[in-house]
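A closer look at the structure
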Amino acid sequence: MTPAPHQDHPVSLLGGVLSYLVPGLGQIYQGRIGKGILFMVSLIGLFHLGQAMGDWKNVYIPVSDNLQWDDRFADQKNQFRIQRLQKLPSNLYQRWHYLGQFWVGIAAWPARWQYFEMPVPAQETNPFLHNLQRQPSETEISNFWVNSDKTPDLGWIYTVIAGVLNILVIYDAYAGPAHHGDPNEQKKEKKPEEADA
C-alpha cells in the first residue's frame, strides 16, 4: 500500500492578516467557514467577557506622562503623538498584559486610539465609547478593586488568553490546515484479490 501523495499547501499571508484583524476571518476567507466561525465566536466572546468581568477597565496602555496639547495647534498634536510613541515601550513594560491582548486584533485597537488621544465620541453623548479602553484613573481602579472579588483578575487573564490563542489561529490561517492530501481521495488501494474478481 502506497501512501497518499503529499500536497503542499501554499502559505497565505492574507489569511494570516485577516485572522489577526478578526479571529477566524482568515479561515472563513479560505473556505473553512465552520472553523472560522468557531474561532471568531470563541475568541471574541472570551475577550469581551474578560473585559466585562473587569468592568471594561482592564484593556489599556498606561500613560506615564501628563502631556497635553492645545487643540488650536495641529503641529503640537503631532509632537505630542511622537512623544507618546517614544514612551510606548516603557509604558507597555509597566502593563505587559496589553502585549498579549494586542493579538486579538481590532477588538484591542481602541487602547492604541486612546493612548494617542485620537478623537473619540463626547462623554455626554456616548460615555461608553468615550472611555472604551482608556486608562482608568487610580481612584477608579482602587475603588473597583476594593469593592470586588477575584472577578477582575480572571477578566484580564481571559483577555490575554484570547489574544495569545489567536496567535495559533493566525498561524493556522497562514500555514493552512494541518492535514495534507485530498480528503475525497480514496485512502485504500484495492486488495489484489478484489482486483482479480
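The preceding data block contains the structure.
Reference entry: report on the structure contained in this document. (Residues numbered from 1 in each chain as written. Predicted model: local features only at pLDDT ≥ 70, side-chain atom pairs only at ≥ 80, totals over all residues. Heavy atoms only, no water.)

What follows covers the packing of aromatic side chains. Considering all chains together, one arrives at six aromatic pairs under this definition. On the basis of an interplanar angle of 85° and a centroid distance of 5.0 Å, the ring pair of Y115 and F116 is categorised as edge-to-face. Here the two residues Y115 and F116 agree in accessibility, since each one is buried. Members of the aromatic cluster, joined through ring pairs, are Y20, F102 and W103. Directly above the ring of Y115 sits R84, whose terminal nitrogen or CZ lies 5.4 Å from the centroid. (Phe/Tyr/Trp six-rings, centres within 6.5 Å; stacked < 30°, edge-to-face > 60°. Buried < 20%, exposed > 50% of the residue type's maximum accessible area, 1.4 Å probe, protein only. Lys NZ or Arg CZ within 6 Å of the ring centre and 35° of its normal.)

Attention now moves to helix α9 (residues 151-175). Here α9 contains 25 residues, and its C-alpha end-to-end distance of 36 Å stays within 8% of the 36 Å for a straight helix at 1.5 Å per residue. Buried residues of α9: P152, G155, W156, T159, V160, A162, G163, N166, V169, I170, D172 and A173, and no others. Elements that come into contact with the buried residues of α9 comprise α1 (13-21), α2 (25-29), α3 (33-53), α5 (97-101) and α8 (138-146). At the exit of α9 stands G176, carrying a positive phi of roughly 90°. (Helix = DSSP H or I, 4+ residues; strand = E, 2+ residues; numbered from the N terminus. Expected span 1.5 Å × (residues − 1). Contact = heavy atoms within 4.5 Å.)

Turning our attention to the nonpolar core. Listed in full, the twelve residues of the largest apolar core are F47, V59, I61, L88, L92, Y98, V104, A108, A111, Y115, F116 and A162. Sorting the residues of this core by element identifies α4 (74-94) and α6 (109-115) as the ones contributing at least two each. What I61 contacts, discounting residues up to four positions off in sequence, is L88, N91, L92, Y98, A111, R112, Y115 and Q135. (Core = buried A, V, L, I, M, F, W, Y, C linked by side-chain atoms within 4.5 Å.)

Let's shift gears to the packing of α3 against α9. Where α3 contacts α9, the two axes come as close as 7 Å, and the packing angle between them is 155°. When the axis of α3 is compared with that of α9, the two are roughly antiparallel. For the element pair α3 and α9, the recorded crossing hand is left-handed. (Axes fitted to C-alpha atoms, helices over the stretch in contact; angles between N-to-C directions. Parallel < 35°, antiparallel > 145°, perpendicular 65-115°, else oblique. Left-handed = near helix turned anticlockwise from the far one by under 90°.)

Once that is clear, we can look at the environment of M40. Within the secondary structure, M40 sits in helix α3. Judged by its relative accessible area of 24%, M40 falls in the partly exposed class. Along the backbone, M40 and L25 are 15 residues apart, and their C-alpha atoms lie at a distance of 7.2 Å. M40 has contacts with V22, P23, G24, L25, I28 and G45, leaving out every residue within four places of it along the chain.

Within the chain, D55 stands out as a residue other than glycine whose phi angle is a positive 55°. Of note, Q133 is a non-glycine position whose phi angle comes to about 60°, a positive value. Relative to the elements of secondary structure, Q133 occurs in the loop between α7 (127-131) and α8.

Okay, the pattern of salt bridges next. Per the counting criterion, the structure on display carries four salt bridges. K35 is paired through a salt bridge with D172; the nearest N and O atoms lie 3.3 Å apart. Residue K35 is found in helix α3, and its partner D172 is found in helix α9; the two are separated by 137 residues along the sequence. Looking at K35, the relative accessible area reads 33%, which means it is partly exposed. The closest approach of N and O atoms between D55 and K57, which form a salt bridge, is 2.8 Å. According to the relative accessible area criterion, D55 is partly exposed, its value standing at 35%. Of the residues examined, K57 reaches a relative accessible area of 25% and is grouped as partly exposed. (Salt bridge = Lys/Arg side-chain N within 4 Å of Asp/Glu carboxyl O.)

Nothing here speaks to function; it is all geometry.
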